[in-house]
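Read off the chains here:
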Amino acid sequence: MEWRERNGVRWLQATMPGATAAFSSRIGGVSEPPFDGLNLGAFTADDPDAVVENRRRLACALGFLPERIASGRQVHGHELAAHAGPQEPSPFAEPDSRTSEVDGHLTAMAGLPLLVFVADCVPVALSGPGGVAMLHCGWRGLARRGLGSLDATETSTGEGLVASAAAAIGATDAAIGPSIGPCCYEVGEEVLEAFSGLGDDFASGPMLDLLEITRRLLLQSGVERIETAGLCTSCDPKLFFSHRRDAGLTGRQAGLVWRDGAVG
Ligand SMILES: [Zn+2]
């Protein structure tokens, strides 16, 4: 993964077989503190016009029209949206438009970027013969079948986000962007218990290693190669927003993936 910059916007980029992943930083936006600068999250107290401008800047830096970028309203759930074309209207370009509640996106179409918003959660880009997927993985999205039931009233019968997305596209490769590290992520007993089926060295006391959990789930799901940014969002206030560090009053960066090739 390497740093790229265009028009003042700075992001991490990963090359995957037939696909590209990008992970944005705070650098290159117009938002004022505490959302400075490239806050992409519309469900924050930031100026909505600044968010729209930041989204436009990121899209432009990556070489896309904002309307082409698929996104959703994230709810720490397990639902995936499959995209056969750009969303109309586009919730990324027009944040007021109606948005489906999903934490993962899939597409087989080239040149159709999928985006998730993050500020500590793990952004996971997948590629495989069936397409690409972009996932927003908090601990709830990661904890699922085979890891013990989190909630007896849960009605969804699907697997965790990682397993279901990897199966849907036959994922072979993954790129994982910056997320909160075990250095900064203290959790309660109920969270640790949710992962008890996964081994016993993914936490040090109450400090949970979400990245390691994600890696294990990816390997269990048949992913062969995993590239990671290796950066903690909470440790780096100049580069990244962190929900935990900033006690909720912060912006959102993004993880994106798109299939290479002619735009459909
Ligand atoms: Zn940290």
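Before reading further, recall that the structure is shown in the block above.
Note that the structure is a prediction, hence the values are computed from the model and not measured.

Q: Now, about unusual backbone geometry: what can you tell me, with residues and values included?
A: Along the chain, Pro33 connects to Pro34 via a cis peptide bond; the corresponding omega equals 5°. Position of Pro34 relative to the elements: it lies in the loop between β3 (19–24) and α1 (48–62). Cis geometry marks the peptide bond from Glu88 to Pro89; its omega dihedral reads -5°. Take Pro89: it is sitting in the loop between β4 (80–83) and β5 (104–107). Although it is not a glycine, Asn7 adopts a positive phi angle of roughly 50°. Relative to the elements of secondary structure, Asn7 occurs in the loop between β1 (2–6) and β2 (9–16). One non-glycine residue, His76, adopts positive backbone phi at about 55°. With respect to the helices, strands and loops of the structure, His76 is situated in the loop between α1 and β4.

Q: Mind laying out the packing of aromatic side chains, listing which residues take part and the relevant values?
A: This model, assessed by the stated rule, comprises 4 aromatic pairs. Ring centres 5.0 Å apart and planes at 70° place the aromatic pair Phe64 and Trp258 in the edge-to-face group. Here the residue Phe64 occupies a position in the loop between α1 and β4, and Trp258 occupies one in strand β13 (residues 253–259), the gap between them amounting to 194 residues. The same class applies to Phe64 as to Trp258, namely buried. Between Phe92 and Phe117, the aromatic rings sit 6.5 Å apart at their centres with planes inclined by 20°, giving stacked as the arrangement. With Phe92 in the loop between β4 and β5 and Phe117 in strand β6 (residues 114–118), this pair connects stretches of sequence that are 25 residues apart. As far as burial versus exposure is concerned, Phe92 and Phe117 are alike and both buried. Over the face of the ring belonging to Phe43 we find Arg73, whose NZ or CZ atom lies 3.8 Å from the ring centre.

Q: Account for the coordination of the zinc ion, with residues named and values stated.
A: Around the zinc ion, the protein contributes the donor atoms Cys183 (SG), Cys184 (SG), Cys232 (SG) and Cys235 (SG), at 2.3 Å from the metal centre. For the zinc ion, the 4 donor atoms in the first shell make angles of 103 to 115° at the metal, a pattern classed as tetrahedral. The class of Cys183 is partly exposed, set by a relative accessible area of 48%. On the basis of relative accessibility, which here comes to 22%, the residue Cys184 falls in the partly exposed class.

Q: Can you lay out the sheet that holds β5 for me, pointing to particular residues and giving the numbers?
A: Strands pair in a sheet through their backbones, by hydrogen bonds, and they do so in one of two ways: parallel or antiparallel. Here we have 6 strands laid out as an open sheet, ordered β4-β5-β8-β7-β9-β12, and mixed in their pairing. Since the sheet does not close on itself, it has two edges, and those belong to β4 and β12 (225–228), each with one partner. Geometrically, the sheet is characterised by an average inter-axis angle of 15° between neighbouring strands, direction not taken into account. With 4 bridges connecting them, β5 and strand β8 (residues 131–137) associate as antiparallel partners. Bridge pairing links Leu106 to Ala133 in β8. Sheet strands touched by helix α3 (residues 161–169): β4, β5, β7 (122–128) and β8. Its angle to β8, the strand with the most contacts, is close to 175°.

What counts and how
- Residues numbered from 1 in each chain as written.
- Predicted model: local features only at pLDDT ≥ 70, side-chain atom pairs only at ≥ 80, totals over all residues.
- Heavy atoms only, no water.
- Helix = DSSP H or I, 4+ residues; strand = E, 2+ residues; numbered from the N terminus.
- Phe/Tyr/Trp six-rings, centres within 6.5 Å; stacked < 30°, edge-to-face > 60°.
- Buried < 20%, exposed > 50% of the residue type's maximum accessible area, 1.4 Å probe, protein only.
- Lys NZ or Arg CZ within 6 Å of the ring centre and 35° of its normal.
- Donors = N, O, S within 2.8 Å, 3.2 Å for Na, K, Ca; no water.
- Tetrahedral: all angles 85-135°; square planar, octahedral: opposite > 155°, others 65-115°.
- Pairing = 2+ DSSP bridges.
- Axes fitted to C-alpha atoms, helices over the stretch in contact; angles between N-to-C directions.
- Contact = heavy atoms within 4.5 Å.

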